[in-house]
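The lines below spell out each chain.
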Amino acid sequence: TQAPTNDLWSLLLANPPYVRHQDIDRDLGWLRNALSERTGIRIDGRSDLYMYFVFTAHDWLIEGGIAAWLLPAEFMSTDFGRALRNYLTSTVRVRRIHIYEGKSSLFDNARISSAVVIYQRSEASHLDHVIVTRGGTMKSPDETINLSIAALQRRDRWTWAALTTAIPSRSAKTLGDHFHIKRGIATGANSSFVLNESQLILLDVRPEWVRPL
């Protein structure tokens, strides 16, 4: 995990292994602690293996170097992915995120949707903007939004619905000002369930069966 003493990289193109934390056969607590100290970001013990690759590579890039990763899109909405979301909005300058559809012909064997994340090792600024796209290809996406880093920082999770929904002004009262809101798995109707985007893809749920929540 030690960075090389010379010849740091100016460009990193990577597709790290997608290994769930339940399948990692060794204790990586020592590495989590070292990376958390190095980056100042707490890394969840439930993190999948690719998270360790991203954080370890930080010190391998020169200042101003560019990194492009092909990652599971689940980091945008999972609890353990919060560390990576914080990293992208506070430690580096994220430039582009493209989310592939789960059925993309580019990844025939993938069971979850993938995302390309491009960032620069440079001090983050709340004035920066990031282009987020979905579907199609990176050159010709089906949907495109342009968000400020400040807007990303205000969103706890980066689901497409969350990214495309305006956050209400804090001068307005919300339900959260009066109640503790929790999302259950079941709605109370046995035929309806709450699932995130990764679960929909894993279970092969057809789009016409789903209503956004």
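Owing to the predicted nature of the structure, the values given are computational and were not obtained by experimental measurement.

### Observations concerning the overall build of the protein chain
Then, number 1: For the protein chain, the helix and strand inventory stands at 6 helices and 6 strands.
Then, number 2: Counting helices and strands in the order they occur from the N terminus, the protein chain gives β-α-α-β-α-β-β-β-β-α-α-α.
Then, number 3: Each of the 213 residues in the protein chain was classed as buried or not, and the buried ones make up 40%.
Then, number 4: Counting every atom, the protein chain has about 13,100 Å² of accessible surface; 52% of that belongs to carbon and sulfur.

### Some thoughts on the sheet that holds strand 3 (residues 93–99)
Then, number 1: Spatially, the 6 strands line up as an open sheet ordered 1-2-4-3-5-6, and their pairing is mixed. Two strands in the sheet have a free side with no partner beyond their single neighbour: strand 1 (9–14) and strand 6 (143–148). Mean inter-strand twist for the sheet, computed between neighbouring axes without regard to direction, equals 10°.
Then, number 2: Two strands pair when backbone bridges link them, and strand 2 (residues 61–72) and strand 4 (residues 114–120) are joined in this way by 7 bridges, in the antiparallel orientation. Bridge pairing links Pro72 to Ser114 in strand 4.
Then, number 3: Those strands touched by helix 2 (residues 49–56) are strand 2 and strand 4, and its axis lies near 170° from that of strand 2.

### Section: the packing of aromatic side chains
Then, number 1: Here the structure, examined in full by the defined rule, presents 5 aromatic pairs.
Then, number 2: On the numbers, 5.2 Å between centres and 70° between planes, the contact of Phe55 with Tyr87 is edge-to-face. Pair noted here: Phe55 is in helix 2 and Tyr87 is in helix 3 (residues 82–90), with a separation of 32 residues, a long-range link. Accessibility assignment for this pair places Phe55 and Tyr87 in one class, buried.
Then, number 3: Ring centres of Tyr87 and Tyr119 lie 5.7 Å apart, and the angle between their planes is 90°; on these two criteria the pair is classed as edge-to-face. Of the two residues, Tyr87 is situated in helix 3 and Tyr119 in strand 4; the sequence distance between them amounts to 32 residues.

### Things to note about the nonpolar core
In globular proteins that are soluble, nonpolar side chains generally tend to be buried together.
Then, number 1: By size, the foremost hydrophobic cluster in this structure holds 44 residues, and its most contacted members are Trp69, Phe75, Tyr87, Leu88 and Tyr119.
Then, number 2: No other element matches helix 2, which puts 6 residues into this core.
Then, number 3: Beyond its immediate stretch of four places on either side in the chain, Phe75 contacts Tyr50, Gly81, Leu84, Arg85, Leu88, Val117 and Trp158.

### So, the environment of Met138
Then, number 1: Mapped onto the elements, Met138 comes out in the loop between strand 5 (129–134) and strand 6.
Then, number 2: Not counting chain neighbours up to four residues away, the residues in contact with Met138 comprise Arg96, His98, Tyr100, Val116 and Ile118.

### Regarding helix 1 (residues 29–39)
An α-helical segment advances 3.6 residues per turn. Residues three or four places apart therefore align on the same side.
Then, number 1: Residues of helix 1 that are buried include every one of Gly29, Leu31, Arg32, Leu35, Ser36 and Thr39, and no others. Along the axis of helix 1, the buried positions cluster into a sector of 160°, meaning they face one direction only. More than 90 degrees from the buried face of helix 1, the exposed residues found are Trp30, Asn33 and Glu37.
Then, number 2: Those residues of helix 1 hidden inside the fold are in contact with helix 2.
Then, number 3: Note on helix 1: the residue one or two positions beyond its end, Gly40, has a positive phi of about 80°.

### Concerning the side chain of Ser148
Then, number 1: Here Ser148 shows up in strand 6.
Then, number 2: At 3.0 Å, the side chain of Ser148 forms a polar contact with the backbone nitrogen of Ala151.
Then, number 3: The contact partners of Ser148, leaving out residues within four places of it in the chain, are Asp128 and His129.

### Focus: the pattern of salt bridges
Then, number 1: Evaluated as defined, the whole model comprises 9 salt bridges.
Then, number 2: The closest approach of N and O atoms between Arg46 and Asp44, which form a salt bridge, is 2.8 Å.
Then, number 3: Among the ionic pairs, Arg121 bridges to Glu63, the shortest N-O distance being 3.8 Å. Taken together, the positions of Arg121 in the loop between strand 4 and strand 5 and Glu63 in strand 2 put the pair 58 residues apart, joining distant regions of the chain.
Then, number 4: Using a relative accessible area of 58% as the deciding quantity, one classes Glu63 as exposed.
Then, number 5: One network of salt bridges, with partners in common, ties together Asp79, Arg82, Asp156 and Arg157.

Cut-offs and rules
Residues numbered from 1 in each chain as written. Predicted model: local features only at pLDDT ≥ 70, side-chain atom pairs only at ≥ 80, totals over all residues. Heavy atoms only, no water. Helix = DSSP H or I, 4+ residues; strand = E, 2+ residues; numbered from the N terminus. Buried < 20%, exposed > 50% of the residue type's maximum accessible area, 1.4 Å probe, protein only. Areas by Shrake-Rupley, 256 points an atom, 1.4 Å probe, with all protein chains shown as cover. Pairing = 2+ DSSP bridges. Axes fitted to C-alpha atoms, helices over the stretch in contact; angles between N-to-C directions. Contact = heavy atoms within 4.5 Å. Phe/Tyr/Trp six-rings, centres within 6.5 Å; stacked < 30°, edge-to-face > 60°. Core = buried A, V, L, I, M, F, W, Y, C linked by side-chain atoms within 4.5 Å. Arc of directions from axis to C-beta. Polar contact = N/O pair within 3.5 Å; in protein donor to acceptor, adjacent residues only side chain to side chain. Salt bridge = Lys/Arg side-chain N within 4 Å of Asp/Glu carboxyl O.

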